[in-house]
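# Coordinates in review
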Amino acid sequence: MPSPQLPLSRRGFLVAGAGVAAGLGLAAAPARAAERARPFGRYGSPHRRLTPGTLYVDPHGRGDFTSVQAAAGGTSRAFGTGGGSGRTLVIAPGTYRETVLLDVTRTEATWIGASEDPRDVVIVHDNANGTPKPGGGTYGTSGSATTTVQADGFTARWITFANDWLRADHPDITGTQAVAIKVQGDRSSFIGCRFLGHQDTLYADSTALGAFARQYFAHCYVEGDVDFVFGRATAVFEHCHFRTLNRTDLAAAPYGFVFAPSTAVANPRGYLVTRSRVSSEAPDGSYKLARPWVPGSDPTARPMLTVRETWLGPGIDAVAPYTNMSDTHPWQDQRFAEYRNTGPGSVISVPANRPQLSASEAESATREAYLGDWAPWKEGC
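These remarks concern the structure in this document. (Residues numbered from 1 in each chain as written. Predicted model: local features only at pLDDT ≥ 70, side-chain atom pairs only at ≥ 80, totals over all residues. Heavy atoms only, no water.)

### Brief notes about the pattern of salt bridges
- The full count for this structure, using the stated rule, is 19 salt bridges.
- Measuring nitrogen to oxygen at the nearest pair gives 3.9 Å for the salt bridge that ties arginine 106 to aspartate 103.
- Residue arginine 106 is classed as buried on the basis of its relative accessible area, which comes to 13%.
- The class for aspartate 103 is partly exposed, based on a relative accessible area of 25%.
- Taking the shortest distance from any N to any O, the salt bridge between arginine 232 and aspartate 205 comes out at 3.8 Å. (Salt bridge = Lys/Arg side-chain N within 4 Å of Asp/Glu carboxyl O. Buried < 20%, exposed > 50% of the residue type's maximum accessible area, 1.4 Å probe, protein only.)

Here is the structure:
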């Protein structure tokens, strides 16, 4: 299959605007004059708003705020105190080096990358699990997230969420999980976004063990190496591209794992990957497709992953695509299944190693079945 025009890694964008390049140390052509003059494109400007609830973010001061956090969680000088729900952020091209929290009170929020190219709007930071905190201790996995979305009803379009912490730069740190985004809210959708990191890039989770958060990712790009899509959410990935990175710090495979769901045993729906692709810049067979995560906080978890009608590249170990994270929770006891996948990484050489859905079972493994009465693909996506 032809590769879409997407970056191979966050250190090497195929195309990058000047603001992105400056923030990530990349060379790029200067921004066009029209883009500099009209940073918000067809979304207007602070002087002519889309709706009364629209806020404009621009790193050069041409909007209401210069940072995403100030607009998403702070006091709005344009609309009074508070912030409340229903806010739309139109974010101008640039690199926003910050951590962002959208708390549970900021429901029904929409963030739009103004250029409609996710390579132009990058929210990035570089904390890891083992990074020391200013007040003592370390951030932990959840605390390492560049962006955390706790609110329900969140939508993001054409934005890159990144964590550019690198193992090679911090040989003294053993807690190498570095989350680009942690999503906990119900009805969270991401359209045309990118998620860049290494270990634990995209944390698709929920606010509590008993909360079954539904999330939808369409036409998105996700890259990483270890468990880089993980958590207990009910998440549908449709027409997405997952890319496994190379590892120069390891002498032998496996280099890592794409998915690590931690679905609660009471949740009938975990991760569904449909009509997507998994490519790799690593040697053939060096990655596992998934392993189950049964966290200490939920020892009864029964992880669920269904991958259907998806192209699996040669980077995936076709003989043994699944493995254990813990020997006390073997992957064979979890809810892993495939259906009509293609590509060299999908070859069924050992049937016991690749559980397959029947045609009748596949009828219930759909986005509609997973997301119920919420249909984000109908909401102008």
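### Structural notes on the nonpolar core
- Trp111, Phe161, Phe190, Phe195, Phe237, Phe242 and Phe259 are the most contacted members of the largest nonpolar core, which has 62 residues in total.
- Residues in contact with phenylalanine 161, not counting those within four places in the same chain, are Trp111, Ile123, Thr147, Ala156, Ala180, Ile181, Phe190, Cys193, Arg194, Phe195 and Leu196.
- Of all hydrophobic cores here, the second largest spans eleven residues; its members include Ile191, Tyr216, Leu272 and Leu371. (Core = buried A, V, L, I, M, F, W, Y, C linked by side-chain atoms within 4.5 Å. Contact = heavy atoms within 4.5 Å.)

### What to know about the sheet that holds strand S2 (residues 88-91)
- Judged by pairing direction, the sheet is parallel, and its ten strands sit side by side in the order S1-S2-S5-S8-S11-S14-S17-S20-S23-S25 without closing on themselves. Edge positions in the open sheet fall to strand S1 (54-57) and strand S25 (335-339), since each of these has one partner strand only. Direction aside, the axes of adjacent strands within the sheet are offset by 10° on average.
- Note that strand S20 (residues 271-274) and strand S23 (residues 304-308) share four bridges and pair parallel. (Pairing = 2+ DSSP bridges. Helix = DSSP H or I, 4+ residues; strand = E, 2+ residues; numbered from the N terminus. Axes fitted to C-alpha atoms, helices over the stretch in contact; angles between N-to-C directions.)

### A few points about the sheet that holds strand S4 (residues 100-102)
- Strand order across the open sheet formed by seven strands is S4-S7-S10-S13-S16-S19-S22, with parallel pairing between neighbours. One side of each edge strand has no neighbouring strand; the edge strands of this open sheet are S4 and strand S22 (287-290). Between one strand axis and the next, the sheet turns by 10° as a mean value, whatever way the strands run.
- Bridge analysis of strand S16 (residues 226-231) against strand S19 (residues 256-261) gives four bridges, and the strand direction is parallel.

### Regarding unusual backbone geometry
- Here the amide bond leading from alanine 253 into proline 254 is cis, since omega sits at 5°, within 30 degrees of zero.
- Looking at the secondary structure, you find proline 254 in the loop between strand S18 (241-244) and S19.
- Located in the positive-phi region is arginine 187, a residue other than glycine, with phi close to 60°.
- Even without being a glycine, glutamate 309 presents a positive backbone phi close to 45°.
- Within the secondary structure, glutamate 309 sits in the loop between S23 and strand S24 (311-312).
- Its relative accessible area of 29% is what places glutamate 309 among the partly exposed residues.

### As for the environment of glycine 94
- Positionally, glycine 94 belongs in strand S3 (residues 94-97).
- Glycine 94 sits in the buried class, given a relative accessible area of 4%.

### A short note on the side chain of asparagine 341
- By the secondary structure assignment, asparagine 341 is in the loop between S25 and helix H5 (359-362).
- A distance of 3.0 Å separates the side chain of asparagine 341 from the backbone nitrogen of threonine 310, its partner in a polar contact.
- In this structure the side chain of asparagine 341 is engaged in a polar contact, spanning 3.0 Å, whose partner is the side chain of glutamate 338.
- What asparagine 341 contacts, discounting residues up to four positions off in sequence, is Val307, Arg308, Glu309, Thr310, Leu312 and Ser346. (Polar contact = N/O pair within 3.5 Å; in protein donor to acceptor, adjacent residues only side chain to side chain.)

### Thoughts on the state of the cysteines
- Across all of its chains, the model carries zero disulfides by this definition.
- Cysteine cysteine 193 is unpaired, with the sulfur of cysteine 220 as its nearest cysteine sulfur at 5.1 Å.
- The thiol of cysteine 240 is unpaired, and the distance to the nearest cysteine sulfur, on cysteine 220, comes to 4.7 Å. (Disulfide = S-S within 2.5 Å.)

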